[in-house]
Amino acid sequence: MLCGWQLLKVKMVKLTMIARVIDGLPLAEGLDDGRDLQDAEFYKQQVKALFKNLSRGQNEASRMSVETGPYIFHYIIEGRVCYLTMCDRAYPKKLAFQYLEDLKNEFERGYGNQIETAARPYAFIKFDTFIQRTKKLYQDTRTQRNIAKLNDELYEVHQIMTRNVQEVLGVGEKLDQVSQMSSRLTSDTRIYADKARDLNRQALIKKWAPVAIVLGVVILLFWARKKIW
């Protein structure tokens, strides 16, 4: 049987990533996030796929929860930045979003005027120090601080939508397929137009070639007759 500390441990924040919405560029990440997480790379790839979808404009909500296996992604979008964390499903949703709000407020205060000009991935990796410090505050759901946050009626999360990761990522895949089909259709249309022009050209040649031949023979005979006479 697990003791209370162990129960709390498996409910903590597992992964934290911050990215620019317009192009999905990762700006910061919790460096030790996922070390005790099986298939950590698999979930990071899902996060990157989610960021890619958001960069295409598929952010139907500024706050959303996305279920993935035994975990759940929570994210908020504020201006040009997406703040995302992955927690055990049992971790209180309210605390997860307040954790993200804390990250957002500090990130905007420290780097808000540098977001647009960031040119390389993880340009603000030093923000990991704040991520680690804040994450520790939210690990134990039974601290007086976190109980107070759970009871805070000013911050409610009941209206935040929850969806499945396959459903969310599937939207992007379908759009990719539509885009590919559209590109193929455009290419096929050009090919058919070229073929139609070739057929019209061949039809004109077949129609007027006999007339041109007859006229050529007549002109040749007329020229030869003048030479003889």
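Just so it is clear, the model here is predicted, and its values are computed rather than measured. (Residues numbered from 1 in each chain as written. Predicted model: local features only at pLDDT ≥ 70, side-chain atom pairs only at ≥ 80, totals over all residues. Heavy atoms only, no water.)

## Observations regarding the environment of T129
- Tracing the sequence through the fold places T129 in helix α4 (residues 128-139).
- Once the C-alpha coordinates of T129 and L31 are considered, the two residues, 98 residues apart in sequence, prove to be 9.0 Å apart. (Helix = DSSP H or I, 4+ residues; strand = E, 2+ residues; numbered from the N terminus.)

## With respect to the side chain of E29
- In this fold, E29 is placed in strand β2 (residues 26-29).
- A distance of 2.8 Å separates polar atoms of two side chains, one belonging to E29 and the other to K44.
- A distance of 3.1 Å separates the side chain of E29 from the side chain of Y122, its partner in a polar contact. (Polar contact = N/O pair within 3.5 Å; in protein donor to acceptor, adjacent residues only side chain to side chain.)

## Quick notes on helix α2 (residues 40-55)
- When the terminal C-alpha atoms of α2 are compared, their 23 Å separation across 16 residues agrees well with the 22 Å that a helix rising 1.5 Å per residue should span.
- The complete set of buried residues in α2 reads A40, Y43, K44, Q46, V47, L50, F51, N53 and L54. (Expected span 1.5 Å × (residues − 1). Buried < 20%, exposed > 50% of the residue type's maximum accessible area, 1.4 Å probe, protein only.)

## Here we look at the sheet that holds strand β3 (residues 63-68)
- Taken in spatial order, the six strands make up an open sheet running β2-β1-β5-β4-β3-β6, and their pairing is mixed. Strands with a single pairing partner mark the edges of an open sheet, and in this sheet they are β2 and β6 (161-164). Each adjacent strand pair in this sheet contributes to an overall mean axis angle of 20°, direction not counted.
- Note: strand β4 (residues 71-78) against strand β5 (residues 81-88), eight bridges, orientation antiparallel. From the neighbouring strand, I72 faces β5, where its bridge partner is C87. (Pairing = 2+ DSSP bridges. Axes fitted to C-alpha atoms, helices over the stretch in contact; angles between N-to-C directions.)

## A word on the side chain of N146
- The topology assignment puts N146 in helix α5 (residues 144-150).
- Among the residues examined, N146 registers a relative accessible area of 0% and is labelled buried.
- Leaving out residues up to four positions away in the same chain, N146 has contacts with L95, L137, Y138, D140 and T141. (Contact = heavy atoms within 4.5 Å.)

## Brief notes about the UniProt feature "transmembrane region" (unreviewed entry) in the protein
- UniProt tags residues 208-224 as "transmembrane region" (unreviewed entry).
- Between the C-alpha atoms that bound residues 208-224 there is a distance of 24 Å. The span itself is 100% helix and 0% strand. (UniProt positions renumbered as here; feature names shortened; annotations may be inferred.)

## A short note on the pattern of salt bridges
- Applying the stated rule across the entire model yields 10 salt bridges.
- When the shortest N-O distance is used, the salt bridge between E29 and K44 registers 2.8 Å. A residue pair is termed long-range when its members are at least 10 positions apart, and E29 in strand β2 and K44 in helix α2 qualify at 15 residues.
- Given a relative accessible area of 8%, E29 falls into the buried group.
- Accessibility expressed as a relative area gives 19% for K44, which makes it buried.
- Linking E167 and R163 is a salt bridge whose minimum nitrogen-to-oxygen distance equals 3.3 Å.
- The class of R163 is buried, set by a relative accessible area of 12%.
- One salt-bridge network, in which partners are shared between bridges, spans R63, E78, E101 and K104. (Salt bridge = Lys/Arg side-chain N within 4 Å of Asp/Glu carboxyl O.)

## Let's talk about helix α3 (residues 93-111)
- Relative to the 27 Å expected for 19 residues at 1.5 Å per residue, α3 spans 26 Å between its end C-alpha atoms, a close match to the ideal helical length.
- Taken together, the buried positions of α3 are K94, L95, A96, F97, Q98, Y99, L100, E101, L103, K104, F107 and Y111.

## Points about a nonpolar patch on the surface
- Residues L204, W208, V211, L215 and I219 make up a contiguous nonpolar surface patch of about 520 Å² in total accessible area.
- Among the structural elements, L215 can be located in helix α6 (residues 165-228). (Patch = residues over 30% accessible without salt bridge, like charges linked within 9 Å, V, L, I, M, F, W, Y side chains within 5 Å. Areas by Shrake-Rupley, 256 points an atom, 1.4 Å probe, with all protein chains shown as cover.)

## Remarks on the packing of α3 against α4
- The N-to-C vectors of α3 and α4 enclose an angle of 155°; their axes lie 10 Å apart at closest approach. The orientation of α3 relative to α4 falls into the category roughly antiparallel. At the point where α3 passes α4, the crossing takes the right-handed sense. For the pair α3 and α4, contact is made by L95, Q98, Y99, D102, L103 and E106 and by F130, I131, T134, K135 and Y138, respectively.
- Of the residues belonging to the contact of α3 with α4, the class tally is six nonpolar, two polar and three charged. (Parallel < 35°, antiparallel > 145°, perpendicular 65-115°, else oblique. Left-handed = near helix turned anticlockwise from the far one by under 90°. Nonpolar A, V, L, I, M, F, W, Y, C, P; charged D, E, K, R; others polar.)

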